[in-house]
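Understanding the architecture of this molecule
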Amino acid sequence: MSEQVEWGLHCCLTLAWIGDEHPMPAARLADWFELPPAYLTKCLQALTRAGILQSVPGARGGFRLARRPADVTVMDVLVAVDGPDNPFRCTEIRQRGAGVDPSAPEFRTPCAISTVMHRADLAWRRELASHTLADLLESAPAGAAERTRRRYAQLRG
């Protein structure tokens, strides 16, 4: 999983706390978290393409949530940023090497390693899909929302 998934989740939470009436520019979000602006912008664009964020044009534009926090799962953010593919890639190295017959019956089915890795991926995806941004907002430390709003109000001047 790329670090941009974490970036995207934190940006979504920040935007949720700030609210819809004040879109936050990508540069401000990058400064907020001390992240490289160009890479964060790519992450925000991916979230926008996925319908998680909305890009608001203009001098007072920026990004805001496109959906309610309860309608966005952690899995939605991961897929938007990193794509839907399973991170495990079985290359069937058991079929390589001297004396191996790749047409042997044992190679007709996935090996135990591939099977367990795919099961783990499915369990991981189910877990991420069971948590929404609203859940994350609810479990955030007390005062995080108000602290975020105050900080943003100070930056807006």
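Figured I'd write up the structure that's included with this text. Everything numeric here is computed off the predicted structure, so don't read it as measured data. Throughout, residues of each chain are indexed from 1 in the direction in which the sequence is written. In keeping with the predicted nature of the model, local features appear solely for residues at pLDDT of at least 70, side-chain atom pairs appear and are counted solely at 80 or more, and the whole-chain, interface and lining totals rest on all residues. As a rule here, side-chain values come from all non-hydrogen atoms in the structure, and water together with hydrogens is ignored.

1. Brief notes about the nonpolar core
The following threshold applies: Nonpolar cores are built from buried Ala, Val, Leu, Ile, Met, Phe, Trp, Tyr and Cys residues. Side-chain atoms within 4.5 Å join them into one set. Three labels apply to residues, based on accessible area from a 1.4 Å probe with only protein chains included: buried if under 20% of the type maximum, exposed if over 50%, partly exposed otherwise in between. Secondary structure elements are defined from DSSP: runs of H or I of at least 4 residues count as helices, runs of E of at least 2 residues count as strands, and each element is numbered from the N terminus. Contacts are assigned to residue pairs with any non-hydrogen atoms lying within 4.5 Å of each other.
Grouped together as the largest cluster of nonpolar side chains are 35 residues, with contacts concentrated most on Cys 12, Leu 40, Leu 44, Leu 47, Leu 53 and Val 77. Breaking this core down by element, the ones donating at least two residues are helix H1 (3–18), helix H2 (26–33), helix H3 (37–49), strand E2 (62–65), helix H4 (74–82), helix H6 (133–138) and helix H7 (144–156). When residues in this core are grouped by element, the largest group, 9 residues, is from H1. Here Leu 47 is in contact with Gly 8, Cys 12, Ile 52, Leu 53, Val 77, Ala 80 and Val 81, once residues within four sequence places are set aside.

2. Digging into the pattern of salt bridges
Quick reminder of the rule: Salt bridges are defined by distance alone: a side-chain nitrogen of Lys or Arg within 4 Å of a carboxyl oxygen of Asp or Glu.
On inspection of all chains with the given rule, the structure shows 5 salt bridges. One salt bridge connects Glu 146 with Arg 149, and the closest N-O pair in it is separated by 3.7 Å. Of this pair, Glu 146 and Arg 149 are both found in helix H7, 3 residues apart, which corresponds to roughly one turn of the helix. On the basis of relative accessible area, Glu 146 is assigned to the partly exposed category, the value being 39%. Of the residues examined, Arg 149 reaches a relative accessible area of 37% and is grouped as partly exposed.

3. Focus: the packing of H1 against H3
Using the following cut-off: Only the stretch in contact is used when a helix axis is fitted, and all axes are lines through C-alpha atoms; the angle between N-to-C directions ranges over 0 to 180 degrees. For classification purposes, an angle smaller than 35 degrees is called roughly parallel, one larger than 145 roughly antiparallel, one from 65 to 115 roughly perpendicular, and anything else oblique. Working rule for handedness: look at the near helix, and if it is turned counterclockwise from the far one by less than a right angle, call the crossing left-handed; if clockwise, right-handed. Residue polarity follows a fixed list, in which Ala, Val, Leu, Ile, Met, Phe, Trp, Tyr, Cys and Pro are nonpolar, Asp, Glu, Lys and Arg are charged, and the others, Gly among them, are polar.
Running from N to C, H1 and H3 cross one another at 70 degrees; their axes reach a closest spacing of 10 Å. Taken together, H1 and H3 sit at an angle that is classed as roughly perpendicular. Our pair here, H1 against H3, has a crossing hand that is right-handed. Counted together, Gln 4, Trp 7, Gly 8, Cys 11 and Cys 12 of H1 and Tyr 39, Leu 40, Cys 43, Leu 44 and Leu 47 of H3 form the full contact between these two elements. A breakdown of the residues in the contact of H1 with H3 according to their chemical character gives 8 nonpolar, 2 polar and no charged.

4. Some details on the side chain of Asp 121
In this fold, Asp 121 is placed in helix H5 (residues 112–129). Classification of Asp 121 by relative accessible area gives buried; the value is 9%. If we skip the residues at most four places from it in the chain, Asp 121 touches Asn 86 and Pro 87.

5. What about the packing of aromatic side chains?
The test is simple: Pairing of aromatic rings covers Phe, Tyr and Trp, the last counted by its six-membered ring, and requires centre-to-centre distances within 6.5 Å; plane angles under 30 degrees mean stacked, over 60 mean edge-to-face, and any other angle means tilted.
Overall, the coordinates contain 1 aromatic pair when judged by the stated rule. With a centroid separation of 6.4 Å and 55 degrees between ring planes, the pair formed by Trp 32 and Tyr 152 is classed as tilted. Highlighted residues: Trp 32 in helix H2 and Tyr 152 in helix H7, separated in sequence by 120 residues. Judged by relative accessible area, which is 8%, Trp 32 ranks as buried. Taking the relative accessible area as the measure of exposure, Tyr 152 reaches 4% and is therefore buried.

6. Structural notes on H1
Owing to its 3.6 residues per turn, the α-helix brings residues three or four apart onto one side. Spelled out, the test is: Here the expected length of a helix is defined as 1.5 Å per residue gap, with one fewer gap than residues.
With 16 residues, H1 ought to run about 22 Å at 1.5 Å a step, and its terminal C-alpha atoms sit 23 Å apart, in line with that. Counting buried positions along H1 gives 12 out of 16 residues, so the element sits mostly inside the fold. For H1, the full list of buried residues reads Gln 4, Val 5, Trp 7, Gly 8, Leu 9, Cys 11, Cys 12, Leu 13, Thr 14, Leu 15, Trp 17 and Ile 18. Positive phi shows up at Gly 19, right after H1, with a value of about 100 degrees.

Shape descriptors only; they carry no functional weight alone.
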